[in-house]
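Here's the letter readout for the chains.
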Amino acid sequence: MNLSVIIPVFNEKNTLEEIISRVRTIELVDIEYKEIVIVDDGSTDGTREVLDQYKDDSGITIFLQPYNKGKGAAVRKGFELATGDIILIQDADLEYKPNEYPKLLAPILYENADVVYGSRFSGGDPKRVLLYWHSLGNKVLTTISNMFTDLNLTDMECGYKVFRKGIIRQIKLNEDRFGFEPEITAKIGKLSANSQCVIYEVGISYFGRNYDEG
């Protein structure tokens, strides 16, 4: 199978080269080809100048939004450009580590899952201790989402989400900003309720930043 890694970017000049390097160097069993799709969402901090060095790289596709539209719009554009059989969303801020890819991909590669969500709140992986109210807000949003979708996710807002391309092609997404997370979860949940997809959740490590760090 081929893998497309979508990286939505907004003002991440300090971490962009590092995340690209980590994605490129991770070794994956049963993945024949890995492409990186970077969608810059109107960065103004020099991120686009960093991206210039990759413009002729055959393994990287770059799309520059004309202005800041939001993460949802950037991911949606990434879905349009991705060519892989499996599509994985990767944030650019180094809070999520690409060395987790093998366990995120395993349910799709070996266990017949169609969608995999990462979870910062399950499993025994290391997590930086940060802000209580922020984590509580995430849990409340996840609970509300679960009530409407009849899913039992623990972390609907997690940045790591993986899909078979055929699943994404069935879904029409509209939310431009962070409403993307509950929207795609609701639409995936509907497919699951109709026995059209199988959803797994995998515990991940998390190295979150505080507000001063971004």
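Keep in mind that what you see is a predicted model, and the values were worked out from it rather than measured. (Residues numbered from 1 in each chain as written. Predicted model: local features only at pLDDT ≥ 70, side-chain atom pairs only at ≥ 80, totals over all residues. Heavy atoms only, no water.)

A. The arrangement of the pairing of strand S5 (residues 115–119) in detail. Counting buried positions along S5 yields 5 of 5 residues, so the element is predominantly enclosed. When S5 meets strand S6 (residues 161–164), the two strands line up antiparallel, connected through 3 bridges. Following the sheet pairing, Val115 is matched in S6 by Phe163. With 5 bridges joining them, S5 and strand S7 (residues 199–203) adopt parallel strand pairing. Its bridge partner being in S7, Val116 is matched across the sheet by Tyr200. (Buried < 20%, exposed > 50% of the residue type's maximum accessible area, 1.4 Å probe, protein only. Helix = DSSP H or I, 4+ residues; strand = E, 2+ residues; numbered from the N terminus. Pairing = 2+ DSSP bridges.)

B. Geometry of a nonpolar patch on the surface. Together, Val140, Ile144, Met147 and Phe148 make up a nonpolar patch on the protein surface, roughly 470 Å² of accessible area in all. Among the secondary structure elements, Val140 is positioned in helix H5 (residues 132–149). The exposure class assigned to Val140 is partly exposed, which follows from its relative accessible area of 41%. (Patch = residues over 30% accessible without salt bridge, like charges linked within 9 Å, V, L, I, M, F, W, Y side chains within 5 Å. Areas by Shrake-Rupley, 256 points an atom, 1.4 Å probe, with all protein chains shown as cover. Salt bridge = Lys/Arg side-chain N within 4 Å of Asp/Glu carboxyl O.)

C. Focus on helix H7 (residues 180–193). With 14 residues, H7 should cover 20 Å at 1.5 Å per step; its first-to-last C-alpha distance of 20 Å lies within 8% of that length. After H7 finishes, the residue Ser195 shows a positive phi value of roughly 60°. (Expected span 1.5 Å × (residues − 1).)

D. Structural detail: the packing of aromatic side chains. A complete count under the given rule lists 4 aromatic pairs for this structure. Ring centres 5.9 Å apart and planes at 85° place the aromatic pair Phe79 and Phe163 in the edge-to-face group. With a gap of 84 residues between them, Phe79 in helix H3 (residues 71–81) and Phe163 in strand S6 connect regions that are remote in the sequence. Residue Phe163 is classed as buried on the basis of its relative accessible area, which comes to 0%. Ring centres of Tyr101 and Tyr160 lie 6.0 Å apart, and the angle between their planes is 75°; this geometry places the pair in the edge-to-face category. With Tyr101 in helix H4 (residues 101–110) and Tyr160 in the loop between H5 and S6, the pair connects residues that are 59 residues apart, well separated along the chain. We classify Tyr160 as buried; its relative accessible area is 0%. What links up through ring pairs into an aromatic cluster is the set Tyr96, Tyr101, Tyr160 and Tyr206. In this arrangement the basic side chain of Arg120 is found over the ring face of Tyr206, its NZ or CZ atom lying 5.1 Å from the centre. Taking NZ or CZ as reference, Lys139 lies 5.1 Å from the ring centre of Phe121, over its face. (Phe/Tyr/Trp six-rings, centres within 6.5 Å; stacked < 30°, edge-to-face > 60°. Lys NZ or Arg CZ within 6 Å of the ring centre and 35° of its normal.)

E. The arrangement of the state of the cysteines in detail. Scanning the entire structure with this criterion turns up 0 disulfides. Of all cysteine sulfurs, the one in Cys197 lies closest to Cys158, which takes part in no disulfide; the gap is 17 Å. Given a relative accessible area of 6%, Cys197 falls into the buried group. (Disulfide = S-S within 2.5 Å.)

F. Molecular detail of the nonpolar core. Formed by 34 residues in total, the largest nonpolar core has its most connected members in Leu88, Tyr101, Leu104 and Leu105. Mapped onto this core, the elements with two or more residues apiece are strand S1 (2–9), helix H1 (16–25), strand S2 (33–40), helix H2 (47–51), strand S4 (86–89) and H4. Among all residues touching Leu88, those that are not within four sequence positions of it are Leu3, Ser4, Val5, Ile6, Tyr101, Leu104, Leu105, Tyr160, Lys161 and Val162. Val39, Ile89, Ile171 and Cys197 belong to the second-largest nonpolar core, a separate cluster that totals 23 residues. (Core = buried A, V, L, I, M, F, W, Y, C linked by side-chain atoms within 4.5 Å. Contact = heavy atoms within 4.5 Å.)

G. Examining the environment of Asp176 more closely. Structurally, the position occupied by Asp176 is in the loop between helix H6 (165–168) and H7. For the pair Asp176 and Gly84, spaced 92 residues apart in sequence, the C-alpha separation works out to 23 Å. Once residues within four sequence positions are removed from consideration, Asp176 is found in contact with Lys69, Gly70, Lys71, Gly72, Ala73 and Arg76. Looking at Asp176, its side chain comes within polar contact range of the side chain of Arg76, at 2.6 Å. (Polar contact = N/O pair within 3.5 Å; in protein donor to acceptor, adjacent residues only side chain to side chain.)

None of this, on its own, says anything about what the molecule does.
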